[in-house]
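# Commentary on secondary and tertiary structure
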Amino acid sequence: MKCPNCGRELNEGAKFCNGCGTAVSEQQSVYTPTEVGEPGVLGNNRRGKGLMIGMIAGALALVVVLVLVVGGLFGGAKATVGKAFIKSAGEFAEIGDIFGMSVLQKIVDKQAVTYDVKLEVEDGYLDGLGINLSAGVDVSGKKAGITGTATFGSTELINAFLTVNNDTVTFYLPELMDPNALSFNTETLGKDLEHAGLTEYDEELEDLSFNLFDLMQSGESVKELDPAVTKALVKAIEVEKQGKETVEVNGQDLKCAAYVVRISEDALEDYLDALEDYAKEQYMNEAYMETMENMGADVDDLEHEMENSIESLFGTLKDAVEAIGDLELMVYIKGGYVMAVETDLKMDGDKLSVSLQLGGGKNYVDDLSLAMKVDGEKITIESTGDHAAKKGVFTDTTVLSYKNDYGTEKYEIETEYDSKKKEDNFSCEISDPYGDSIKLEGTLLVTGDSVTVKFEDLELDGVSLSGEYTIKAYENVKIGASKTLKLADMDEDALQDFAEEIEENMYDLVEDFEDNEELYDLIWTLQYLF
């Protein structure tokens, strides 16, 4: 595919030439989709529901495993299987630590976190455009802040600042509001809007009074799931040792101890009923609803929508349980580790198989695979590499494949991370079945209180991007305005004057942009885009 103006080679589906900016007609694309009436590999098929139920069956199996792990009220075969899952989970958790998951968990647990994002276009029709965003919240300290900057080349297009300090919100757009920031109190917002003449056409605004942090903390008053619910499911789970069996695990024949784990349909339904009630209590609690009502929400509609969503979700799960019936898992253990979990189910005349295989290679965590099959359909995820990173270099090749009567599609992800290097230590390439790929190369940096990913030359639809993403401990945001106006002190005339100043500054800013030679290409390109 070539540009009709300059002849430059373009990516399939490109809408604009990344050389001259000329709009490209959609008719030039040579991509040919699957013909109407001809099922593609991912096209129409009658067994899609079966695979969905297969996924739900896998999720239910995971629930049973988690209950065995956290139940803590069992012995014998249950204890053996539960301890094996704990040991296996611990091994795979160490992979996350390589990528800084323990650091992220520590930050999240403190509920005081800042997210920084930097993106810059380095090639293409928006070459030179950059965006920097930072958003953070400290729930216990009742503080939050957002900053944003848009740039083009060396020119700052616009800056934005917003802070929340308990019940006070302050925002500032220097290019439009200088030297004044504007603040308002969320707990007196309705009265302040009325005083400023902004509730004339919507009197309900007069009742606005809330605290954002009350909303964030509304779920903390909800009790934990009743231990009796978990205890009942643990009691209903039956585990029986079957002796020794040779099982193929990721291409290796291993002699393992085999266990049958059974859970009745009735027990699963009772557990889902209890979880549904808990979900309603968790997400529809009185504190949350009161805060939402104070924010102007229609609580009756909100409760109805949330209740419908929860009932729909659990209705789907219960339908799957009904289709599956009693759940029976084969668990294979070797050396105290779970090597495989398998289940075969029948529903509506179709046979459903789900298989999870762990280990088989030099290190336990180096190989894992998950397969779900319903008659002629099969989804497989296979992951192999040096996941233990014993020498400091993590490698992985993950292949996702989907197979049905019309063929097979495969997606491949290649990842490498050298934790010994401080720069250029990370790469990830995603390839699809059609010969296209996306490659991300850069730096992954983990410190005691932050995780940062930097990348360059990420090609997306003819545009090259560089960027940086950081998760770190919360940092305060400073507004920087020399004066702050309070909405509570402003009547309708004062607010109108302030709005007119912003409008005038906006016109001045546009004129400055038009006189700036560096912005000429950006303005020209935006005219084509919009």
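Above this note sits the structure.
Presented here is a report on the structure given in the accompanying data block.

Per the secondary structure count, the protein includes twelve helices and 20 strands. Looking at the protein as a whole, 40% of its 530 residues qualify as buried.

Right, let's get into a positive patch on the surface. A surface patch of positive charge is lined by K346, K351, K373, K378 and K403. Tracing the sequence through the fold places K378 in strand β13 (residues 377-384). Assessed through its relative accessible area of 34%, K378 is described here as partly exposed.

With 26 residues, helix α10 (residues 299-324) should cover 38 Å at 1.5 Å per step; its first-to-last C-alpha distance of 37 Å lies within 8% of that length. Its side-chain oxygen placed 3.2 Å from the backbone nitrogen of D300, D298 serves as the N-cap of α10. Positioned one or two residues after α10, G325 has a phi angle of 80 degrees, which is positive.

What you tend to see is this: most non-glycine residues have negative phi, and most peptide bonds are trans. Across the junction of D178 and P179, the peptide omega takes the value 10 degrees, indicating a cis bond. Turning to its location among the elements, P179 is positioned in the loop between α4 (174-177) and β6 (180-185). The residue Q111 is not glycine, and still its phi comes out positive at about 55 degrees. Note on placement: Q111 falls in the loop between α3 (101-109) and β1 (112-123). Phi at A389 is positive, roughly 50 degrees, even though this residue is not glycine. Assignment of secondary structure puts A389 in the loop between β13 and β14 (393-404).

Two quantities define a packed helix pair, namely the angle between the helix axes and the distance between the axes. The geometry of helix α9 (residues 286-294) relative to α10 is characterised by a closest axis approach of 10 Å and an angle of 135 degrees between their N-to-C directions. Considered as vectors, α9 and α10 are oriented oblique to each other. Between α9 and α10 lies a crossing of right-handed hand. When α9 is examined against α10, the residues Y288, M289, M292 and E293 are found in contact with a partner set consisting of V299, L302, E303 and M306. Per-class residue counts for the contact of α9 with α10 are six nonpolar, no polar and two charged.

We now examine the pairing of strand β8 (residues 252-263). Alignment of strand β7 (residues 238-249) against β8, held across eleven bridges, turns out to be antiparallel. Among the inter-strand pairings, G243 is bridged to a residue of β8, identified as A258. In textbook terms, the turn of a hairpin is the stretch between consecutive antiparallel strands, and for β7 and β8 this stretch comprises two residues, one of which, N250, has a positive phi near 50 degrees. Note: β8 against strand β9 (residues 327-334), seven bridges, orientation antiparallel.

The next thing to look at is the pattern of salt bridges. Under the counting rule described, the total for this entry stands at eleven salt bridges. Between R262 and E240 there is a salt bridge, and its shortest N-O distance comes to 3.2 Å. Residue R262 is located in strand β8, and its partner E240 is located in strand β7; the two are separated by 22 residues in the primary sequence. Given a relative accessible area of 37%, E240 falls into the partly exposed group. Measuring nitrogen to oxygen at the nearest pair gives 3.7 Å for the salt bridge that ties K280 to E276. In this pair, K280 and E276 are both assigned in helix α8 (residues 265-283), four residues apart and thus about one turn of the helix distant.

For V108, the position within the fold is in helix α3. The exposure class of V108 is partly exposed, given its relative accessible area of 46%. For V108 and A473, which are 365 residues apart along the polypeptide, the C-alpha to C-alpha distance reads 8.7 Å.

Let us now look at the nonpolar core. One finds V331 and V338 to be the most contacted residues of the largest nonpolar core, which totals 67 residues. In this structure, V331 is in contact with V81, F85, A257, A258, Y259, V261, V338, A340 and V341, ignoring residues within four places of it in sequence.

Here we take up the packing of helix α7 (residues 227-236) against α8. Relative orientation of the contacting elements α7 and α8 amounts to 170 degrees, with a least axis distance of 10 Å. In terms of their interaxial angle, α7 and α8 are classed as roughly antiparallel. In this structure, α7 contributes V229, L233 and A236 to the contact, and α8 contributes A267, Y271 and A274. The class makeup of the residues in the contact of α7 with α8 is six nonpolar, no polar and no charged.

Our next topic: the pairing of strand β2 (residues 129-138). Here nine bridges tie β1 to β2, and the two strands are oriented antiparallel to one another. The partner of T114 across the bridge, within β2, is G136. Taken together, the ten bridges between β2 and strand β3 (residues 143-152) define a ladder with antiparallel strand orientation. The residue bridging L129 from the neighbouring strand is F152, located in β3. Turn length for the β2-β3 hairpin, with the two strands adjacent in sequence and antiparallel, is four residues, and the turn residue K142 shows positive phi of about 55 degrees.

Moving on, we get to a nonpolar patch on the surface. Taken together, the side chains of I413, I430, I438 and L460 present a nonpolar region at the surface, about 280 Å² in accessible area. Counting through the fold element by element, L460 comes out in strand β18 (residues 450-460). In this structure L460 comes out as partly exposed when scored by relative accessible area, which is 36%.

Scanning the model with the defined rule gives five aromatic pairs in all. Centre to centre, the rings of F92 and Y364 are 5.6 Å apart; their planes meet at 65 degrees, and the pair counts as edge-to-face. Placement of F92 in helix α2 (residues 76-98) and of Y364 in the loop between β11 (350-358) and β12 (367-374) is noted, with a sequence separation of 272 residues between them. Classification of Y364 as buried rests on a relative accessible area of 13%. On the numbers, 4.9 Å between centres and 85 degrees between planes, the contact of F99 with F394 is edge-to-face. You can see F99 sitting in the loop between α2 and α3 and its partner F394 sitting in strand β14, a full 295 residues away along the chain. Overall, F394 belongs to the buried group, its relative accessible area being 7%. Here the guanidinium or amino end of K87 rests over the ring plane of Y337, the centre of that ring lying 4.4 Å away.

Rules and cut-offs
Residues numbered from 1 in each chain as written. Predicted model: local features only at pLDDT ≥ 70, side-chain atom pairs only at ≥ 80, totals over all residues. Heavy atoms only, no water. Helix = DSSP H or I, 4+ residues; strand = E, 2+ residues; numbered from the N terminus. Buried < 20%, exposed > 50% of the residue type's maximum accessible area, 1.4 Å probe, protein only. Patch = residues over 30% accessible without salt bridge, like charges linked within 9 Å, V, L, I, M, F, W, Y side chains within 5 Å. Areas by Shrake-Rupley, 256 points an atom, 1.4 Å probe, with all protein chains shown as cover. Salt bridge = Lys/Arg side-chain N within 4 Å of Asp/Glu carboxyl O. Lys, Arg positive; Asp, Glu negative; His and termini not counted. Charge placed at Lys NZ, Arg CZ, Asp CG, Glu CD. Expected span 1.5 Å × (residues − 1). Polar contact = N/O pair within 3.5 Å; in protein donor to acceptor, adjacent residues only side chain to side chain. Axes fitted to C-alpha atoms, helices over the stretch in contact; angles between N-to-C directions. Parallel < 35°, antiparallel > 145°, perpendicular 65-115°, else oblique. Left-handed = near helix turned anticlockwise from the far one by under 90°. Contact = heavy atoms within 4.5 Å. Nonpolar A, V, L, I, M, F, W, Y, C, P; charged D, E, K, R; others polar. Pairing = 2+ DSSP bridges. Core = buried A, V, L, I, M, F, W, Y, C linked by side-chain atoms within 4.5 Å. Phe/Tyr/Trp six-rings, centres within 6.5 Å; stacked < 30°, edge-to-face > 60°. Lys NZ or Arg CZ within 6 Å of the ring centre and 35° of its normal.

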